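Here is what each chain is made of, one letter per residue.
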Amino acid sequence: MTAVELAGITKRFPGVVANHDIHLTVRKGTVHALVGENGAGKSTLMKILYGMQKPDEGTIATDGEQVTFSSPADAIARGIGMVHQHFMLADNLTVLENVVLGSEKLYGIGARARRRIKEISERYGLGVRPDVLVEELGVAARQRVEILKVLYRGARTLILDEPTAVLVPQEVDALFDNLRELKSEGLSVIFISHKLGEVLSVADEITVIRRGTTVGTAVPAETTPRQLAELMVGSELPTPETAESTVTDRAVLTVDTLRLAAPGGKALLDDISFTIHAGEVLGIAGVEGNGQTELVDALIGLRHADSGTIRFLDQDITALPTRKRREQGVGYIPEDRHRHGLLLEAPLWENRILGHVTEKPNSKGVWLDPKGSQEDTRRIVETYDVRTPGIDVTAASLSGGNQQKLIVGREMSHKPRFLIAAHPTRGVDVGAQAAIWDHIREARREGLAVLLISADLDELIGLSDTLRVIYDGRLVADADPAAVTPEELGSAMTGAASGHLEHEEPPGDDGSGAGGAEDDDGSGAGGAEDGDGSGAGEAGGDGGPGAEKIPGDAGRGVDKTPGDAGSGAEGEAR
Amino acid sequence: MKKFDKERVLLAVAGPVIALAVAFVLSAIVLIASGKNPVEPFALMFEQAGFSDIQVLIVNQASMYYIAALAVAIGFRMNLFNIGVDGQYQLAAMTAAIVGAHADLPAALQIPLLLLTAVLTGAFWSGIAGVLKMTRGVSEVVATIMLNSIATAVIGYLWLPDVFGVKIGNNNTTGEMHESGWVPGIDMGAAGEIYGLVILAVVLGIGYWLVLNRTRFGFDLRASGASESAAAASGVNPKRMVLTAMLISGGLAGLAGLPILLGDTHTYSLNFPTGIGFLGIGIALLGRNSPVGIAFAALLWAWLDKASPELDFHGYDKEIAVIMQGLIVLAVVVSYEAVREWGLRRQQRRVGAELAAGHVLGATDNTEKEVAGR
């Protein structure tokens, strides 16, 4: 029996296709995982299933019956419930009040509702007490309240959007027990995640989605994380290989034992050290939420390090504000272009000024130079092939790829010495992707130092001269992009491997060990290979206690970077 | 490209025109509901606008509205809601009056001194809210409302005879200012005098436009208003920008009461006009924060104020003008948002259409299916 069947779902937003010909079949009494990189279109798909958005094409069927949803209320009426990644609970109300809120008609708001809540809680082992204030509950307990809320409304199919992102491992195990309980009672669960290990342990079936379309299904028993990663990341994209090495020995950016802590004292970044040379692209691989956002913020000056130093050329810029850093030649392609890279309702030429208001051709002294920047915007539009009818249209009216080309053009126009490129080709079509890669490569030949952060492992491996893996705010491993495979990187990204990653050698066994964190001559893999043997011990040590203590941080770290929400297909729609 | 420019003008005008039309219709409905002629009051008020003495009154009143609205508008441009313009201008007018009554420099020094006093007082008062927001995250709306209240109390204290007050009959005043601080008006003959500081209002309007649209600082301020996160990433220090904007807004607000103080009353008394700061909010909204738009809105408001007393002589209530002002503000908020969203969506569609007509990107969507774990 199928609980939910989606067939041929296509959803277009102006300029982007968020979902394209998606097929998804969820059987009753199973946990069905939906995996894919951020921005692959998972959230859009789930919004369609939950009635928040209407598909342009395709059909939805529940219990074998074709339906159309025009609002979440319709979806709830058909037994589909959603547990959002960000909880929707009122802190100063009790659990009971939160649960009945909005569905007072079901069981009233008094004794009957309380009985029903207890009944559901016991039946599925949720352990929810109805009369506690929500503010007194921890994250995991709140999540169970959210699940109960959905069940209370009569859901038979639950959508869980990245439910483990906010949980520590023990809580994850407890959640999975709950899910199995639900499953055994005949309910279905759609589990959205990009953590492959978890998916394999809890799911009965897996559907992989990439670039807005379903690229395959898998059965956990017959699948390894590597195969899944391959499917998720794909490998038939135009390969961004860099032909010859242009790495020089002139250090452009040197980061030394950088540490950044959350207000509570937890380290978001710890012991980060690396050097990027002129003409070098340093790629940072990692599952989103492991400190990449914080690292970028620290480098551009949006957050200031608690300890450690950042040197740019021959100057200590640790304490410099963002504008000074940008003036001195730090370019920035932000991860979330809508939040950090553009003024959506301003014309293109004003967006060309953004971030470089103190520099030519945008200003002369304290005065703006609209003529100059308009002229230069026309040049950028031509050189970088930004498809737009003019420079007076708002940035919001361009498609995501064209917005990104404008940003790349703007940053490159100021001849940066060091470029922070966070997901430079996310949500960008294949043609624009190749063009952006070309621009980065060209600047690199001219001596640009690049920090590349990407979720696309092919992009990382293809463009980078040196690779580091970030896990839980630390650089845990390094690799030679010429020798490493996406699968090897993938295992380090989940914290399973550390040290220097090399072919046919068990991870962590070769001498370099925690070279990623320690050794900052950074001249690529060569240097790391000769690393001292003592590193291995440290790397091993990291795996042990780290796994116990750090995951808490890792989980909450994700909380602060709602990757899926801000970026990706949904973001394009605006 | 020209097409888009024309479109922007159209969009800019559509909002206020729709709002005014709706407000007129609704006011007429109010009149009909109270059993009165819905057209005659407007005809009377339009007639008033033709009299030169009323015109002088309108211009004088509008100058103060204009400055107050600029003060509000500069806050709006970076998403700050300085609701405390009212307290800021009253306190500033009072300190200027006190300084004017006690210091006696030559006019060339005295007038700048009084202007500076008003600017600093206004900036100081709004700066309190700015510092609170910057350091403790206190909402500037709440802080400035509270400060309005405190300003009233401070004014009451300064009026005490043993502080700076001078009792004239039943009236509290700050004493007559020295004549060196009086700003001569522009003589319009029988129609009266236009305040000399009307020129200050014009200069401030030009300055406002220049600073916002033609300076780096103005760009940073507008960027902060459009997207705080993008502005921060571009190198704006968000906290400092909040404080700066609050200080400028308060400094401007401080000048709002001066045209009448230096041009007419020459003392700060119980009769001094109140509520200009609150009216300024509506005027800034109607004027879309643009210096030209605000000028029209200020004149419109002043016209409603100064033409409405005539209604009492014809059996209508002059409060119809107040109702109208309220309806305009309501209609403005709704129509601007509607027009803005409509315009944005329309442009997106048009850009999409133009590109589709030109060329389509070679998007080779990858639809190939694979199965893992074969």
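Worth saying up front: this structure is predicted, and the values here are computed from it rather than measured.

Engineer: Whenever I open this one, the overall build of chain A confuses me. Can you help?
Structural biologist: For chain A, the count of helices and strands is 23 helices and 23 strands. Burial statistics for chain A: of 574 residues in total, 60% are counted as buried. Long-range contacts, defined here as pairs at least 24 residues apart, represent 68% of the contacts in chain A between residues at least 6 apart. For chain A, the accessible surface area stands at approximately 20,900 Å², while carbon and sulfur atoms represent 49% of it.

Engineer: Which parts of the structure should I look at to understand the domain arrangement of chain B?
Structural biologist: Frequently, the measure chosen for interface size is the accessible area that the parts lose on association. Residues and elements named next belong to chain B. Segmentation of chain B into domains returns domain 1 (1-36 + 316-350) and domain 2 (61-314). Taking only C-alpha atoms into account, the centre of domain 1 sits 26 Å from that of domain 2. On the side of domain 2, 14 residues touch domain 1, which itself brings 16 residues to the contact. When the two sides are added together, the surface that domain 1 and domain 2 hide from each other amounts to roughly 1,400 Å², 70% of it contributed by carbon and sulfur. The largest contributions to the domain 1 side of the interface with domain 2 come from Y316, K318 and Q325, which together make up 41% of the buried area.

Engineer: Would you mind going over the pairing of strand β22 (residues 474-479) of chain A with me for this structure?
Structural biologist: For a regular strand, side chains alternate in direction, first toward one face of the sheet and then toward the other. All names here are of chain A. Summarising burial for β22: five of the six residues are buried, a large majority. Relative to β22, strand β21 (residues 466-471) runs antiparallel, the two sharing five bridges. Opposite R468, over in β22, you have D478 as the bridge partner. In this structure, β22 lies alongside strand β23 (residues 499-501), joined through three bridges in parallel fashion. Across the sheet, the residue bridging to D478 is H500, located in β23.

Engineer: Mind showing me how you'd approach the environment of B:V138 here?
Structural biologist: All names here are of chain B. Here V138 shows up in the loop between α5 (107-136) and α6 (140-158). Here V138 falls in the partly exposed class, since its relative accessible area comes to 29%. Once residues within four sequence positions are removed from consideration, V138 is found in contact with L132, K133 and A143.

Engineer: Which parts of the structure should I look at to understand the environment of A:T59?
Structural biologist: All names here are of chain A. Along the polypeptide, T59 turns up in strand β4 (residues 57-62). Classification of T59 by relative accessible area gives partly exposed; the value is 31%. Note: C-alpha distance between T59 and R27 (32 residues apart in sequence) is 17 Å. Setting aside its immediate chain neighbours within four residues, T59 contacts E5, L6, A7, I9 and Q66.

Engineer: Just to check I follow, could you spell out the sheet that holds β21(A) for this structure?
Structural biologist: The strands making up a sheet associate through backbone hydrogen bonding, with each pair oriented either parallel or antiparallel. Residue and element names in this part refer to chain A. Strand order in this open sheet of seven strands is β16-β19-β20-β13-β21-β22-β23, and the pairing throughout is mixed. On the outer flanks of this sheet lie β16 (330-333) and β23, each paired with one strand and no other. Along the sheet, successive strands turn relative to each other by an average axial angle of 25°, direction set aside. With four bridges joining them, β16 and strand β19 (residues 418-422) adopt parallel strand pairing. When the sheet's bridge partners are listed, Y332 is paired in β19 with I420.

Engineer: Help me understand the confidence of the model for chain B in this model?
Structural biologist: Detailed reading of the predicted model is not advised wherever pLDDT is low. Looking at chain B as a whole, its pLDDT mean stands at 86, while 93% of the residues score no less than 70. Note on residues 359-374 of chain B: pLDDT is under 50 here. Beyond four places in sequence and across chains, it has 30 contacts.

Engineer: How do you make sense of the pattern of salt bridges when you look at a structure like this?
Structural biologist: Where charged atoms from two side chains of opposite charge come close, those side chains can pair. Considering all chains together, one arrives at 28 salt bridges over all chains under this definition. Residues A:D438 and A:R441 are paired through a salt bridge, measuring 2.9 Å at the closest nitrogen-oxygen approach. A residue pair is termed a helical-turn pair when its members lie 3 or 4 positions apart in one helix, as A:D438 and A:R441 do in helix α16 (residues 430-445) at three residues. Overall, the relative accessible area of 42% leaves A:D438 in the partly exposed class. Linking B:E337 and B:R340 is a salt bridge whose minimum nitrogen-to-oxygen distance equals 3.0 Å. Taken together, the residues span about one helical turn, with B:E337 and B:R340 both in helix α14 (residues 320-358) at a distance of three residues. The exposure class of B:E337 is partly exposed, given its relative accessible area of 37%. Through salt bridges with shared partners, one network takes in A:R259, A:D270 and A:R474.

Engineer: Looking at this structure, how should I read the packing of helix α8 (residues 216-226) of chain B against helix α10 (residues 238-255) of chain B?
Structural biologist: Packed helix pairs are characterised by how far apart their axes lie and by the angle those axes make with each other. All names here are of chain B. As a packed pair, α8 and α10 sit with axes 11 Å apart at the nearest point and diverge in direction by 110°. Looking at the two axes, α8 sits roughly perpendicular to α10. Along its contact with α8, which presents F217, D220, L221 and S224, the element α10 presents M241, T244, A245 and I248. Residues of the contact of α8 with α10, tallied by class, amount to five nonpolar, two polar and one charged.

Engineer: Can you walk me through the domain arrangement of chain A in this structure?
Structural biologist: Segmentation of chain A into domains returns domain 1 (2-233), domain 2 (251-329 + 416-560) and domain 3 (342-414). A separation of 41 Å is found between the C-alpha centroids of domain 1 of chain A and domain 3 of chain A.

Engineer: Is there a simple way to think about the packing of aromatic side chains in this case?
Structural biologist: In this description, an aromatic ring pair is defined by two values, namely the gap between the centres and the angle between the planes. All names here are of chain B. The final tally for this structure, using the stated rule, is eight aromatic pairs over all chains. Ring geometry for F124 versus W125: centroids 6.2 Å apart, planes at 50°, classification tilted. For W125, a relative accessible area of 8% translates into the label buried. A network of ring pairs unites the aromatic residues W159, Y268 and F272 as a single cluster.

Engineer: Explain unusual backbone geometry to me, please; I cannot follow it from the model alone.
Structural biologist: Excluding glycine, most residues fall at negative phi; most peptide bonds, likewise, are trans. For the peptide bond that leads from A:K360 to A:P361, omega is 0°, which places it in the cis range. Here A:P361 shows up in the loop between α13 (348-353) and β17 (363-364). Its identity is not glycine, yet A:D472 carries a phi of approximately 55°, on the positive side. If you trace the backbone, A:D472 turns up in the loop between β21 and β22. For A:D472, a relative accessible area of 8% puts it in the buried group. In this structure, B:R288 is a non-glycine residue whose phi angle is positive, near 50°. Inspection of the secondary structure assignment puts B:R288 in the loop between α12 (276-286) and α13 (291-307). Note on B:R288: relative accessible area 33%, which makes it partly exposed.

Parameters and conventions
- Per chain, residues are indexed from 1 in the order of the written sequence.
- Whichever chain is written first becomes A and whichever ligand is written first becomes 1, with later ones labelled in order.
- It should be noted that, the model being predicted, local features are given only for residues of pLDDT at least 70 and side-chain atom pairs only at 80 or more, the latter also being counted only at that level, while totals for whole chains, interfaces and linings use all residues.
- Only hydrogens and water are set aside; all other atoms, that is, all heavy atoms of the structure, feed into the side-chain values.
- Helical segments are the DSSP runs of H or I of at least four residues, strand segments are the runs of E of at least two, and each set is numbered from the N terminus.
- Whether a residue is buried, partly exposed or exposed follows from its accessible area with a 1.4 Å probe, protein chains only, as a fraction of its type maximum: under 20%, in between, or over 50%, in that order.
- Note on definitions: a residue-residue contact is assigned when non-hydrogen atoms from the two residues lie within 4.5 Å.
- For every accessible area listed, the method is Shrake-Rupley and the probe measures 1.4 Å; residues are considered covered only by the protein chains on display.
- Each domain's extent was defined by an automatic or database domain assignment.
- Reported buried area values correspond to the accessible surface (1.4 Å probe) lost by two parts on association, with both partners' losses combined.
- Here a strand pair is declared whenever DSSP counts at least two bridges between the two strands.
- Here, axes are lines fitted to C-alpha atoms. For helices the fit covers the stretch in contact, and angles between N-to-C directions go from 0 to 180 degrees.
- As a per-residue measure, pLDDT reflects the predictor's confidence and takes values from 0 up to 100.
- In what follows, salt bridge is the name for a side-chain nitrogen of Lys or Arg lying within 4 Å of a carboxyl oxygen of Asp or Glu.
- The cut-offs work like this: below 35 degrees is roughly parallel, past 145 is roughly antiparallel, 65 to 115 is roughly perpendicular, and the gaps in between are oblique.
- Note that Gly is not counted as nonpolar here; it falls among the polar residues with everything else outside the nonpolar set of Ala, Val, Leu, Ile, Met, Phe, Trp, Tyr, Cys and Pro and the charged set of Asp, Glu, Lys and Arg.
- Working definition: rings of Phe, Tyr and Trp (its six-membered ring) pair if their centres are within 6.5 Å, and the pair is stacked with planes under 30 degrees apart, edge-to-face with planes over 60 apart, and tilted otherwise.

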